[in-house]
Structure formats: structure tokens, C-alpha cells
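# Examination of the molecular architecture
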Amino acid sequence: MTEPILSLRDIHTHIQQHHILQGVSLEVKPGRATVLLGRNGAGKSTTLRTIMGLSPATSGTITLAGQAIQNRRPFEIARMGIGFVPEDFAVIYSLTVEENFRLAMFKESEEARQRLAGIFKLFPDLEKFLHSKAGVLSGGQKQMMAIALALVLEHQIVLIDEPSKGLAPVVVEHLGESLNRIKETTTIVLVEQNFYLASKVGQDYFILDDGRVVHQGLMEDLMKDQELKQKYLGIG
Ligand SMILES: Nc1ncnc2c1ncn2[C@@H]1O[C@H](COP(=O)(O)OP(=O)(O)OP(=O)(O)O)[C@@H](O)[C@H]1O
Ligand SMILES: [Mg+2]
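Here we summarise the structure given alongside this text.

Definitions and cut-offs
- Residues numbered from 1 in each chain as written.
- Chains lettered and ligands numbered in written order.
- Predicted model: local features only at pLDDT ≥ 70, side-chain atom pairs only at ≥ 80, totals over all residues.
- Heavy atoms only, no water.
- Helix = DSSP H or I, 4+ residues; strand = E, 2+ residues; numbered from the N terminus.
- Rg over C-alpha atoms; globule rule 2.2 N^0.38 Å.
- Buried < 20%, exposed > 50% of the residue type's maximum accessible area, 1.4 Å probe, protein only.
- Contact = heavy atoms within 4.5 Å.
- Areas by Shrake-Rupley, 256 points an atom, 1.4 Å probe, with all protein chains shown as cover.
- Lys, Arg positive; Asp, Glu negative; His and termini not counted.
- Charge placed at Lys NZ, Arg CZ, Asp CG, Glu CD.
- Near = heavy atom within 4 Å.
- Polar contact = N/O pair within 3.5 Å; in protein donor to acceptor, adjacent residues only side chain to side chain.
- Arc of directions from axis to C-beta.
- Pairing = 2+ DSSP bridges.
- Right-handed = clockwise from strand over helix to strand, strands pointing away.
- Core = buried A, V, L, I, M, F, W, Y, C linked by side-chain atoms within 4.5 Å.

Let us look at the overall build of the chain. For the chain, the helix and strand inventory stands at 10 helices and 10 strands. A compact globule built from 236 residues would reach a C-alpha radius of gyration of about 18 Å, and the chain, at 17 Å, matches this within 12%. In terms of its C-alpha atoms, the chain occupies a principal-axis envelope of roughly 45 × 40 × 40 Å. Classification of the 236 residues of the chain by burial places 48% in the buried group. Restricting to contacts in the chain with at least 6 residues of sequence separation, those with at least 24 account for 67%. Surface summary for the chain: the accessible area is close to 11500 Å², and the carbon and sulfur share equals 50%. Within the chain, one finds 25 positive and 27 negative side-chain charges whose respective centroids are separated by 2 Å.

In the neighbourhood of ligand 1, 14 residues make up the surrounding shell, with G41, K44, S45, T46 and Q193 lying closest. Here an oxygen atom of ligand 1 sits 2.9 Å away from a polar atom, N or O, in the main chain of G43. S45 is positioned with one of its side-chain polar atoms (N or O) 2.8 Å from an oxygen atom of ligand 1. The protein chains hide 62% of the 640 Å² of surface that ligand 1 would expose on its own. Those elements giving two or more residues to the shell around ligand 1 turn out to be strand 2 (18–28) and helix 1 (44–51). In terms of residue count, helix 1 provides more of the shell around ligand 1 than any other element does, 3 residues in total.

Structural remark: α-helix, 3.6 residues per turn; residues separated by three or four positions point the same way. Considered for burial, the residues of helix 3 (residues 97–104) that qualify are V97, N100 and F101. All buried residues of helix 3 fall inside an arc of 100° around its axis, so they share one side. Those residues of helix 3 that are buried lie in contact with helix 4 (110–122), helix 5 (124–128) and helix 6 (139–151).

Moving on: the pairing of strand 8 (residues 187–191). Along strand 8, 5 of the 5 residues are buried, which leaves the element largely enclosed by surrounding structure. Side chains T187, V189 and V191 project from strand 8 onto one buried face, and the interleaved I188 and L190 project onto a second face that is buried too. Here 4 bridges tie strand 3 (residues 33–37) to strand 8, and the two strands are oriented parallel to one another. Residue V35 lies in a different strand from strand 8, and its bridge partner there is L190. Examined bridge by bridge, strand 7 (residues 157–161) and strand 8 share 5 bridges and lie parallel to one another. The partner of D161 across the bridge, within strand 8, is V191. You can see the chain leave strand 7, run along helix 7 (residues 169–183) and come back into strand 8, and the turn it takes is right-handed.

Take the nonpolar core next. One broad rule of soluble globular proteins: the nonpolar side chains tend to lie buried together. Residues L37, F101, F123, L126, I147 and L179 are the most contacted members of the largest nonpolar core, which totals 46 residues. No other element matches helix 6, which puts 8 residues into this core. Filtering out sequence-adjacent residues up to four positions away, F123 remains in contact with M144, I147, A148, L151 and S178. Counting 26 residues, the second largest nonpolar core, distinct from the first, contains V24, I157, L159 and F206.

Here 4 strands make up an open sheet; going across it, the order is 2-1-4-5 and the pairing antiparallel. Edge positions in the sheet fall to strand 2 and strand 5 (67–68), since each of these pairs with one other strand and no more. Here strand 1 (residues 6–15) runs beside strand 4 (residues 59–64); their pairing, made up of 5 bridges, is antiparallel. By the bridge assignment for strand 4, H12 is matched with S59.

All right, on to the side chain of D204 then. For D204, the location among the structural elements is in strand 9 (residues 204–209). What makes D204 buried here is its relative accessible area of 4%. Looking at D204, its side chain comes within polar contact range of the side chain of R32, at 2.8 Å. Aside from chain neighbours lying at most four places away, what touches D204 is K29, R32, A33, T34, V35, G217, L218 and M219.

Here it is in C-alpha cells:
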């Protein structure tokens, strides 16, 4: 049994008077891609935001490589090695693509330059538009940019919230290939409603419903389970 790199134990999160996460427990294994699935409003984004300390847990424990992080501030959690690509991607439109990358780097080292070269292999369009304002990129290119920004620094885990949102099938296909290449070097936690992309990239899955984990297992088993897919994901 490999030790989980990230684990949530009985996490409760309140936002104002709302009790959103109601005892979420899940484990992410290193070197694998874990997908969080579930209907709209199930608590997927809140789970990622709670891990990052942006919607802090009100009780429960979160450990990253054995260290408790649930009481830490978002910037500390980020520096401990968790990258985050939010739903409304964190790209600054008024800066050029290159300036966005320079902002994401702590310092411009040889290592950072090498990582950037690797990122351009993954997303060649970004190099093409290096000196354009990020605001002029297409929806798909902005999504690639958002993911790329999380790869500029070396992370233990990258959390990615619904990267396929609003993208054409051919772009989703390309995104799946890129995520699979990222998976070779980085542990990924992916929130994804697009079941095609989730199954192409994901290896382990958790289904959330009403702020709780209702099912978990291997993606290859879920793909065959018509009943479960119908019940919680509305697909059969
Ligand atoms: N800032 C907030 N204030 C009040 N309620 C919130 C807030 N953020 C989230 N919620 C509520 O928490 C619940 C879970 O939201 P969350 O964004 O985690 O869902 P989700 O699973 O990511 O859904 P989607 O697939 O639509 O993105 C929803 O009912 C939502 O309305
Ligand atoms: Mg969401």
C-alpha cells in the first residue's frame, strides 16, 4: 500500500451559514490522477478551495505528505507544493502571455526556463502568442494558459477545476493528451463533469453528492458501472 500524498479526514466546511462540506474523506495516491465527480453544487470546487485554504475547513484534518495543512493560509499551502487551477482561471488578461509566466515564477532561474521550455512542448500555442496579451487568447488557449501557469513551479500536486468547461471536443481531446503527459511527472486532482475527459485521464475517482463522498474506486470500474453513472452523473 502506498501512503497517500494528500488526505482529507472528515472535512466540514461552512460558508456563511451554509454547511457545504459535510464530512468529506478522501485520499490521493502519489503519481496518480484522481478525479472528483458529481452533480452541479455537489461540493467539488469547495473541496479544492478547502484544500487550498481558500474556504477553510471548520473541522477535520487535511494532510499533505503527512503534514497537517488545514489551519494554514493559502499562500503557505501553495508554497508547500500544491498548485491550483481555479474554475475561473487565474490568467491576467491585460498582461502578455510571457508576463503572466514571469509573474508565476518566484525567480527566473535556469530551472524555471527549462520548465517553461517543457510547458511550450505541451502547449505550443502559448509560445506562439508569447508577446500577445493573454486576453486575446481563445477560451481553449486561456484554459491551457491557466494550467501552464500552475506548472511553472514544481508542485507535489496540482488541483485542476473543470478544465474542459466551454471547450470544443477537439480541444478537450488535446487537453486530455496534455493532462496525461503532466500525469507522468505530477500527481493530479481533477474536477471534471466531462466524463470522456475524466475517464481518459483519471485512474481513481470519488463521487461527491450533497457535500459528502458517496462512492470511490478505480475509474476503470466506474466506466463499466452503468447504474452508478446513471444515478450520480446522469449518464448511462
Ligand atoms: N460563496 C458561497 N456562498 C454560498 N454558497 C456557496 C458559496 N460557494 C459555494 N456555495 C454552495 O456550495 C455548494 C457547493 O458548491 P460547489 O461550487 O463546491 O459545487 P460544485 O460541485 O463545484 O458544482 P459545479 O459542478 O456546478 O461547479 C453549492 O450549493 C453552492 O451554492
Ligand atoms: Mg465547481
